[in-house]
Each structure stands twice: as C-alpha cells, then as structure tokens.
2 protein chains.
Amino acid sequence: MDKPPHLLTTAEPFEPAQRAQLQSTLSAMPPLHAIGCAVFDATHGHLVLGAPLALNVNDKGNAFGGSMASLMTVACWGLFNLHLLRAGIHAEVYVQDSQIRYLTPVYEDLRAVAQATAGHDWTEALNILHDKGKSRIPMRAAIVLADGREAATLEARFVALRPAVK
Amino acid sequence: MDKPPHLLTTAEPFEPAQRAQLQSTLSAMPPLHAIGCAVFDATHGHLVLGAPLALNVNDKGNAFGGSMASLMTVACWGLFNLHLLRAGIHAEVYVQDSQIRYLTPVYEDLRAVAQATAGHDWTEALNILHDKGKSRIPMRAAIVLADGREAATLEARFVALRPAVK
C-alpha cells in the first residue's frame, strides 16, 4: 500500500522516474549541461548533485566559485522540485536570496549536498503551498569534499508559487 | 607623460592590452567559455561583463540564477585583476563570501556591472597589498537590464594575496 504523500522519511529515496525527470530538466538547461551537472543521490531529506572539475576549473586549476554557487543553488532548487513532483503540485520554484561562503579551494570533482534548513520541514511547506498558493523554505547546501570537509556553503531562501487560477 | 599608477580616474579605460588579457583569461575557463562571458566595458571604476541569454536560460525561459551569480562574481574578480595588472602586482584574487538578491526574472542578454563598494578605493587596496602582501576590498555587482533596473545584486568580499617570498 502506498504511503500517503504527507508522510516523509528523510532517508527514503525519490522514485526513479522523479529522479530521471529532474536530471532531464537539469540537462536541458544550457548552463547546467555545460558544467556536467548530474544527480548523484536523491532522498526526501537531501539532494546530491555532482559536476566534474575539468568542466569547472578556473585559471588557478581549482574549481571556479561561480560553478560552486550554481551547483549549490540548483541542488536546493532541485530538492524543492522533487518534493513538488512527489506531491503532484504544479508550481514554479525561485531562489530569492543567498549567502555563500568560500572556505577552501577545491581540486577535485564537485559534489553539492542540499537540504532544508534544520527546523523546517517539507510537509509543512507543501501544505502551506497547497492552501495558500505560495510557500517559502530556507535551505542550506554545501560543497562537500571527499574527506568530508565543507569547501563552500550556501544558505538561501526559496519560494514556490502555484500558477494563478484563470 | 604617463600618469603614475597610483592616480586613478574612475572613468578612464584600462589599456586595450589589459582588457584583452582579462578576456583571454576568462575565455580559458571552461565554465565561463560555456556561458559566453565577454568583456563589454572596463574602466578604473567599473567592469561590465555580458553573456547571451541563449547560453544561460533555465527551464522557464529566463536567465538561470547560477549564471547571474557566476557573472556578477567574476565581474568583481575581473575588476580586481585589472587593477593588479595595471599596477604590475602579481597576486591571486579570491572571493571570500557573497550575498545575492534575485529581484526579477531576466528575459534578455545578461549584463553584469561590478565596482568597489562606495567608500572603498583601489589606490588604498593596492597600497596595502604592496606593503602587507594581502588586501581585502568589498565589492558590489548587479545584473542591469536594458531599461536600467537591477534584476539581481551581489555584495561580496574579495582578497588578494601576493605569493610568499621563497
């Protein structure tokens, strides 16, 4: 028996079809196709996106800050969209603002991990969106190195808007 | 007679060779080559970079937020590097942190304008770098629409480091 959509377990993966739809949407965007943005892992609790260093290198041979900003931003955006897909809600997700910290240069392939900010949950955000047509959620992403250290962090606010009824 | 390098007039353009060197550095970075990043205008007071919408479009047909973040970040970075080139100082420039606000969707080619934050000047930043080997400057960039409105803004801190003497 299917679980009702409001019951979320953070470690549970999204359906393969939902994950494939997100990858397809990402790859169709020219700036994300160019940096090789790929879905690595997608659970209700977090989305992990990757991108090869070779496509994102700067003049110093490490990862370009703009690529890290892009990957962290779209990892948050993608997680919100996966929750909308799962809940069957049609809405557009926009980033409103973000704060990024660059902590250490990255000399390896990029991996961005995104999740809702602690204390905020998707069930509540989706319920508000369903009732009001608009919902915000604060999110956090990081570029996580192979050794587990964070090389950059992003805190951002995202808003989803249901199309107005005509 | 050449002006001494410490006298800066904000409206004065950088030398064509300095501008060409910046364009060459930008185009050699795969993620910036991919978004079509081009130098539009470069004076001592500001750097203007552009990128075509077609290479930076999202799933909604407007400009991808990550591309705007990249272009604003590298516009600041580029202006700092032009000042280093002009002053003949060899140093690496890094972005430390940034705050970005997304104000309105962009349906036209991107144009990012970067400058030092009001109250901070390049002469002082370069003098400190010369004396101490390290210098920070806060900068501001915006995505400016054809009608003059700002579609996104970035405030960021950049640091330049001279290589340690061996």
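Scroll up a little and you will see the structure.
Predicted model, so just to flag it, every value in this text is computed and none were measured.

Is there a simple way to explain the environment of Pro31 of chain A in this structure?
Position of Pro31 of chain A relative to the elements: it lies in helix H2 (residues 30–34). Classification of Pro31 of chain A as buried rests on a count of 26 C-beta atoms within 10 Å. When the C-alpha atoms of Pro31 of chain A and Ser70 of chain A are compared, they prove to be 9.1 Å apart, with 39 residues separating the residues in sequence. Those residues in contact with Pro31 of chain A that lie beyond four places of it in its chain are Ser70 of chain A together with Ala34, Ile35, Leu55, Asn56, Phe64, Gly66 and Ser67 of chain B.

Would you take a moment to explain helix H3 (residues 65–87) of chain B for this structure?
Since one α-helical turn is 3.6 residues long, residues separated by three or four positions face the same way. Residue and element names in this part refer to chain B. Taking 1.5 Å as the rise per residue, H3 with 23 residues should run 33 Å; its terminal C-alpha atoms sit 34 Å apart, in good agreement. The element H3 is largely enclosed, with a buried count of 20 among its 23 residues. Backbone geometry just after H3 places Gly88 at a positive phi near 70 degrees.

For this particular structure, what's the right way to read the interface of chain B and chain A?
How big an interface is tends to be reported as the loss of accessible area on association of its parts. The interface is formed by 31 residues belonging to chain B together with 31 residues belonging to chain A. Sorting the residues of the side of chain B that touches chain A by element identifies helix H2 (30–34), H3 and strand E3 (92–102) of chain B as the ones contributing at least two each. The element that contributes the greatest number of residues to the side of chain B that touches chain A is E3 of chain B, accounting for 10 residues. Sheet analysis places strand E3 (residues 92–102) of chain A next to E3 of chain B, joined by 5 bridges and oriented antiparallel. For Gln99 of chain A, the partnering residue across the bridge sits in E3 of chain B and is Gln99 of chain B.

Teacher, can you tell me more about the packing of helix H1 (residues 16–27) of chain B against H3 of chain B here?
For any two helices packed against each other, one specifies the crossing angle of their axes together with the interaxial distance. All names here are of chain B. H3 packs onto H1 with a crossing angle of 135 degrees between their chain directions and a minimal axis gap of 10 Å. Accordingly, the angle class assigned to the pair H1 and H3 is oblique. As for how H1 packs across H3, the hand of that crossing is right-handed. Within the contact between the two elements, H1 uses Gln18, Gln21, Leu22 and Leu26 and H3 uses Val74, Gly78, Asn81, Leu82, Leu85 and Arg86. Of the residues assigned to the contact of H1 with H3, the class counts are 5 nonpolar, 4 polar and 1 charged.

I keep staring at the pairing of strand E4 (residues 110–116) of chain B and nothing clicks. Help me out?
Put simply, side chains in a regular strand alternate between the two faces of the sheet. Residues and elements named next belong to chain B. For E4, the tally of buried residues reaches 6 of 7 residues, placing the bulk of the element in the interior. Sheet topology places strand E2 (residues 47–51) next to E4; 5 bridges connect them, and they run antiparallel. Note on E4: the bridge partner recorded for Leu47 is Ala114. Here 5 bridges tie E4 to strand E5 (residues 134–144), and the two strands are oriented antiparallel to one another.

In this structure, what is going on with the relation of the copies chain B and chain A? I would like to understand it.
Superposition of the two copies of the chain requires a rotation about an axis and a shift along the axis. Once chain B is rotated about the relating axis by 180 degrees and shifted along it by 0.0 Å, it coincides with chain A to within an RMSD of 0.0 Å. Given the turn and translation reported, the copies of this chain are related as if by a two-fold rotation axis. Relative to the rotation axis, the C-alpha of Gln99 of chain B is the closest in chain B, positioned 2.2 Å from it. The residues that chain B uses at the interface reappear at the interface of chain A in 100% of cases, marking a shared surface.

Could you clarify how one ought to interpret the pairing of E5 of chain B in this entry?
All names here are of chain B. Sheet analysis places E5 next to strand E6 (residues 150–161), joined by 11 bridges and oriented antiparallel. By the bridge assignment for E6, Met139 is matched with Ala156. Adjacent in sequence and paired antiparallel, E5 and E6 are bridged by 5 residues, among which Gly148 carries a positive phi angle near 95 degrees.

Scoring rules and cut-offs
- Residues numbered from 1 in each chain as written.
- Chains lettered and ligands numbered in written order.
- Predicted model: local features only at pLDDT ≥ 70, side-chain atom pairs only at ≥ 80, totals over all residues.
- Helix = DSSP H or I, 4+ residues; strand = E, 2+ residues; numbered from the N terminus.
- Buried ≥ 20, exposed ≤ 12 C-beta atoms within 10 Å, placed from the backbone.
- Contact = placed C-beta atoms within 7 Å.
- Expected span 1.5 Å × (residues − 1).
- Pairing = 2+ DSSP bridges.
- Axes fitted to C-alpha atoms, helices over the stretch in contact; angles between N-to-C directions.
- Parallel < 35°, antiparallel > 145°, perpendicular 65-115°, else oblique.
- Left-handed = near helix turned anticlockwise from the far one by under 90°.
- Nonpolar A, V, L, I, M, F, W, Y, C, P; charged D, E, K, R; others polar.
- Least-squares fit on C-alpha atoms with pLDDT ≥ 70 in both.

What is shown is where atoms sit, not what they do.
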